[in-house]
Amino acid sequence: ALRVSAVAEADKTAAINKSGTSSVPATTKDIENKLRYLFGRNEVSTPNDAYQGTAWSVRERLIDAFNKTHEHWKKEDPKFIYYLSAEFLMGRSLTNTVFNLGLQGDYATALKELGQKMEQVAEAERDAALGNGGLGRLAACFLDSMATLDLPGWGYGIRYKYGMFKQALKDGYQQELPDIWLTSGNPWEVRRDDVRHMVGFGGRVERRREAGGREVAVWTPAEQVIAQAYDNPIPGYSTPTTSNLRLWDALPLSEFDLAAFNAGDYDRAMLARERAEAISAVLYPNDSTPEGKELRLKQQYFFVCASLQDVLSRFKATHGSARWDLLPSKAVFQLNDTHPTIAVAELMRLLVDVEGLEWDEAWGITTKCLNYTNHTVMPEALEKWPVKVMAKMLPRHMEIIEVINEGWTQWLSAHLASELPAPEERAKRIAAMSIIHENPWNKEEMLVNMAYLAVVGSSAVNGVAAIHSNIVKDEIFNDFYKIFPSKFQNKTNGVTPRRWLAWCNPELADLITQQLGSDAWINDTEQLTALRTHASDPAFQQRWAAVKSAKKERLAGLIKRVWGEEVNTAALFDIQIKRIHEYKRQYLNVLSIIWRYKQLKRMSPQQRLQAVPRVCVIGGKAASAYDMAKRIIRLVTAVGSVINADPDTRDYLRLYFLPDYNVSLAETIIPAAELSQHISTAGTEASGTSNMKFALNGCLIIGTWDGANIEIAEETGVENVFVFGVRAEDINGLRKERKNFKTDPRWDEIMRDIEGGMFGDKEYFKPLVDSVNNMKVGNDWFLLANDFAAYLDAQQQVDECYRDQAEWLRRSIMYTAGSGKFSSDRTIRQYAEDIWHVGPCRPPPAAGGQQ
Ligand code: OX2
């Protein structure tokens, strides 16, 4: 079956099932029936009606595939991967499900008969935004690849009632609104009333002696909640495999305190419910920085405890409770950053306290089953919980962590005896590697270092791009690396080519399929390299350019809807979309836009005719408590309103902030981008994954020598990338020399402009200006001033290249051709081989099915 065909193409392939009869009338009827009997509506009159009817109809096909897969896996009992993550940024499901299941023909035609268009219908769906950014979206791409590769594996996380906040602009400032995404029901989940686990918090721990004389710890929690399972089927592409994302909802133990209600105490009657529901109520809106709140630790323990119980109970049902030695050959857990690392202590508790294993045996099993991925080098983002908080909320886990740490430090002491014979030296090293240590800012307080707990408790530790994994080994965990070199690995991130090219850019996908003669590249992206031989072919370049133009038109339409302004679609579309963060340096981008504007102003109208017109787009959310990031957003909108209104320059330069950046918006923006910006201070962006999505869609990159930019440049040809700025190895030295740094005169001029009120809001922008000046007190931590001149030069090169459209298009094609490595299928294969040791287990094809 032709899978990539654009929706319009679909009619041709649609409608004919295996027996040669049309299945469209049945599909149309099914959509109508779903709407009629689930929603009481007799007519499909709006895209939203059509969405509801279609989604609930597709759901049945999805559940059939899900059930077949799980029947097969149950019978085969393969080793399973469990991906534990506090975030899964799934986005919309309809298009992905229909296309992954190969049902696009049927549904596109059925919808057409109902007077609807698939594309518009898909837009009626709300994003499942259960994540912040790259970390959560990576988890979603991984699920797609695991299912596509037939790997038995589930995701486990939290079913947040409110996901990532919705961002609005009010007078150019960010406003946060709740994301109420579940109000009209969720066709993509199945509530499992038979799958519930109890999760406890607080209370006390007592010792009891068992009949055999063994002393056991008995934890009596002060508070208990129910974890209720919801399954979200994950369809693989071009395979009958449909796996699962199991998300937990927190419910109170008792529905309602009737006694309190009857006594007239209405508030107390509701209290337990509110306390329990608070656990799965909201996603913490922080990216790369932890929120040191008790509720956050509660969320982490809640989903880890429920997930581990769930896995162990299935294991027991199959293997009984006497063969825990088999667990590592049946289950492997991947800890997505430090958020689920309490799993180390929880697995020990379940094995020792509940299942009655000896400590050493349990420790052997635990460390074999767990693996940890680090996603950031920001020291402030490595989670540390005060011992006091941990002891209060999870008293038994605190004891277990103490015992682990005792064993660990004793082992270390013996291990380091010959390397560090002097006792003080040795003690210093041990203190530096201890899981429990002093808070350097407050000597009174002891902290549990969750990253160290994860490193000690795991078989493998990995970073997410080559440069990042080196920093993990040489800096963050260097002491550990020296002792366990083989524990440390690199697994360069990837993105699913289904969502991020085939489904979001069907026009480009069709062109590639035609050129390569088959759509096999969709699950074998290495085949894209064959495009290299066509990169300079003028005829192919023209078709390539036509697709980009169509996508630019679409983005222009979106800008028009948001800002009410027309943009020149012949201009260079220059995009930076990602969370707003000082290290990602959106601020640097704005400074260069200001400089461009000033240059244009100085030109005569005649000279301006020579300029390369640009439409700059910036999008991204600032964490609600991240003051500096919010000021950066305001600077973008303020500069935008000056530039966009200036009749001298508006034909040559525009700047728009697109609010509420999310997965769906990315699916519209990325195919339209010609230049994308990935300009983090070298050594700060662990990997980046949007850089891969842009490259896949033939978008050129201006970027620093950081994260996965480096590997993208290697695959695409460094000469095709606009690389600038200082290198990671020089950063520490430069930071030390801050005091003597002399800023560029152009920089000084722009700073005076902002301070002087050229964009209004003088007072509000002052902290922004200060943050990158006054180097004497160590400001400008992210070295914007150091990279400024090189960045302007690189921007100049961009303009020059864009003037030569044949060269620009050649590079564009080279980016797509060089993207083969960045499929999450490759990443997942590497995890499966090097870390998980899990192989595929494919269910038989469905009778009469498409696969
Ligand atoms: C992000 C990293 O910042 C980004 O560089 C990386 O591509 C992504 O994770 C996926 O690996 N929170 N978000 C991240 O790390 C943390 C912590």
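Residues numbered from 1 in each chain as written. Predicted model: local features only at pLDDT ≥ 70, side-chain atom pairs only at ≥ 80, totals over all residues.

**So, the overall build of the protein chain**
Now for step 1: If you tally the helices and strands in the protein chain, you get 34 helices and 24 strands.
Now for step 2: The C-alpha atoms of the protein chain give 28 Å as radius of gyration, which agrees with the globular expectation for 851 residues (29 Å, within 12%).
Now for step 3: C-alpha atoms of the protein chain, sized along the principal axes, occupy 95 × 80 × 65 Å.
Now for step 4: In the protein chain, the proportion of contacts linking residues at least 24 apart, taken out of those at least 6 apart, comes to 76%. (Helix = DSSP H or I, 4+ residues; strand = E, 2+ residues; numbered from the N terminus. Rg over C-alpha atoms; globule rule 2.2 N^0.38 Å. Contact = placed C-beta atoms within 7 Å.)

**Some details on the sheet that holds strand E7 (residues 190–201)**
Now for step 1: Spatially, E7-E10-E11-E4-E1-E12-E13-E17-E18 is the arrangement adopted by the nine strands of the open sheet, whose pairing is mixed. Whereas interior strands pair on both sides, the edge strands pair on one side only; in this sheet they are E7 and strand E18 (488–490). Direction aside, neighbouring strands of the sheet carry axes that sit 25 degrees apart on average.
Now for step 2: Where strand E1 (residues 80–84) meets strand E4 (residues 153–158), four bridges bridge the pair, whose relative direction is parallel. Bridged to Leu84 within E4 is Tyr156.
Now for step 3: Those strands touched by helix H10 (residues 294–319) are E1, E4, E7, strand E10 (223–235), strand E11 (242–252) and strand E12 (331–336), and its axis lies near 115 degrees from that of E7.
Now for step 4: Against the sheet, helix H34 (residues 824–836) engages E1, E12, strand E13 (370–373), strand E17 (460–463) and E18, with an angle of about 165 degrees to E18. (Pairing = 2+ DSSP bridges. Axes fitted to C-alpha atoms, helices over the stretch in contact; angles between N-to-C directions.)

**So, the nonpolar core**
Now for step 1: Core analysis: the largest hydrophobic core is formed by 231 residues, its most contacted members being Tyr82, Phe302, Ala343 and Val639.
Now for step 2: In this structure Tyr82 touches Trp154, Tyr156, Ser307, Val311, Ala331 and Phe333, once residues within four positions along its chain are discounted. (Core = buried A, V, L, I, M, F, W, Y, C linked by C-beta atoms within 7 Å. Buried ≥ 20, exposed ≤ 12 C-beta atoms within 10 Å, placed from the backbone.)

**Remarks on the pairing of strand E19 (residues 572–577)**
Now for step 1: Counting buried positions over the six residues of E19 gives six, a clear majority of the element.
Now for step 2: Sheet topology places E19 next to strand E20 (residues 614–619); six bridges connect them, and they run parallel. What sits directly across from Ile575, in E20, is Val617.
Now for step 3: Alignment of E19 against strand E22 (residues 675–678), held across two bridges, turns out to be parallel. From the neighbouring strand, Ile575 faces E22, where its bridge partner is Ser676.

**Quick look at the site of the ligand**
Now for step 1: Taken together, 18 residues sit near the ligand, with Gly134, Leu135, His375, Ala686 and Ser687 positioned nearest.
Now for step 2: Grouping the amino acids of the shell around the ligand by side-chain chemistry returns five nonpolar, 10 polar and three charged.
Now for step 3: Composition of the shell around the ligand by domain shows at least three residues from each of domain 2 (77–92 + 127–381) and domain 3 (568–816). (Near = placed C-beta within 6 Å. Nonpolar A, V, L, I, M, F, W, Y, C, P; charged D, E, K, R; others polar. Domains from an automatic or database assignment.)

**Overview of H10**
Now for step 1: Its 26 residues place the ends of H10 37 Å apart at the C-alpha level, agreeing with the 38 Å of an ideal helix rising 1.5 Å per residue.
Now for step 2: Phi turns positive one or two residues past the end of H10, at Gly320, with a value near 75 degrees. (Expected span 1.5 Å × (residues − 1).)

**A word on the domain arrangement of the protein chain**
Now for step 1: Its domain assignment divides the protein chain into domain 1 (1–76 + 100–124), domain 2 (77–92 + 127–381) and domain 3 (568–816).
Now for step 2: The C-alpha centroid of domain 3 is placed 38 Å from the C-alpha centroid of domain 2.
Now for step 3: On the domain 3 side, the residues contacting the 26 residues of domain 2 number 23 residues.
Now for step 4: Elements supplying a minimum of two residues to the side of domain 2 that touches domain 3: strand E2 (88–91), helix H7 (134–148), strand E5 (166–170) and strand E6 (173–177).
Now for step 5: When residues in the side of domain 2 that touches domain 3 are grouped by element, the largest group, four residues, is from E5.

**Considerations on the sheet that holds strand E15 (residues 436–439)**
Now for step 1: Within the open sheet, the three strands sit side by side as E14-E16-E15. Their pairing is antiparallel. Two strands in the sheet have a free side with no partner beyond their single neighbour: strand E14 (384–386) and E15. Across the sheet, the mean angle separating the axes of adjacent strands is 45 degrees when strand polarity is ignored.
Now for step 2: Of the strand pairs in this sheet, E15 and strand E16 (residues 442–449) are connected by four bridges, and their pairing is antiparallel. In the sheet register, His437 faces E16, and the bridge partner there is Leu447.
Now for step 3: Against the sheet, helix H17 (residues 450–457) touches E14 and E16, its axis set at about 35 degrees to E16.

**A short note on unusual backbone geometry**
Negative phi is the rule for most residues except glycine; trans is the rule for most peptide bonds.
Now for step 1: Although it is not a glycine, Asp77 sits at a positive phi angle of roughly 50 degrees.
Now for step 2: Summarising the element assignment, Asp77 is placed in the loop between helix H3 (47–76) and E1.
Now for step 3: Asp77 sits in the partly exposed class, given 13 other C-beta atoms within 10 Å.

**Some thoughts on the UniProt feature "modified residue: N6-(pyridoxal phosphate)lysine" (unreviewed entry) in the protein chain**
Now for step 1: This chain's UniProt record puts "modified residue: N6-(pyridoxal phosphate)lysine" (unreviewed entry) on Lys693.
Now for step 2: Of note, Lys693 is situated in helix H27 (residues 690–696).
Now for step 3: The contacts of Lys693, once residues within four sequence positions are left out, are Val495, Trp500 and Ile670. (UniProt positions renumbered as here; feature names shortened; annotations may be inferred.)

**Points about the environment of Tyr107**
Now for step 1: Mapped onto the elements, Tyr107 comes out in helix H5 (residues 104–113).
Now for step 2: By C-beta crowding, Tyr107 is classed as buried, having 29 other C-beta atoms within 10 Å.
Now for step 3: Once the C-alpha coordinates of Tyr107 and Ala623 are considered, the two residues, 516 residues apart in sequence, prove to be 39 Å apart.
Now for step 4: Contact partners of Tyr107, with chain neighbours within four places excluded, come to Thr27, Thr54, Val58, Val98 and Met118.

**Considering the packing of helix H23 (residues 586–602) against helix H25 (residues 627–645)**
Now for step 1: Two numbers describe how H23 lies on H25: the axes approach to 10 Å, and their chain directions differ by 15 degrees. Between H23 and H25, the angle falls in the class roughly parallel. Our pair here, H23 against H25, has a crossing hand that is left-handed. Where H23 abuts H25, its residues Gln586, Tyr587, Val590, Ile593, Ile594 and Tyr597 lie against Ile632, Leu635, Val636, Val639 and Ile643.
Now for step 2: Classifying every residue of the contact of H23 with H25 gives 10 nonpolar, one polar and no charged. (Parallel < 35°, antiparallel > 145°, perpendicular 65-115°, else oblique. Left-handed = near helix turned anticlockwise from the far one by under 90°.)

**Observations regarding the packing of helix H22 (residues 538–563) against helix H26 (residues 663–672)**
How two helices pack is summed up by the angle between their axes together with the distance between the axes.
Now for step 1: Relative orientation of the contacting elements H22 and H26 amounts to 130 degrees, with a least axis distance of 7 Å. On the basis of the axis angle, H22 is oblique to H26. Once H22 is placed against H26, the crossing between them reads as left-handed. Along the contact surface, H22 presents Lys551, Lys552, Arg554, Leu555 and Leu558, while H26 presents Thr668, Ile669, Pro671 and Ala672.
Now for step 2: A per-class count over the contact of H22 with H26 returns five nonpolar, one polar and three charged.

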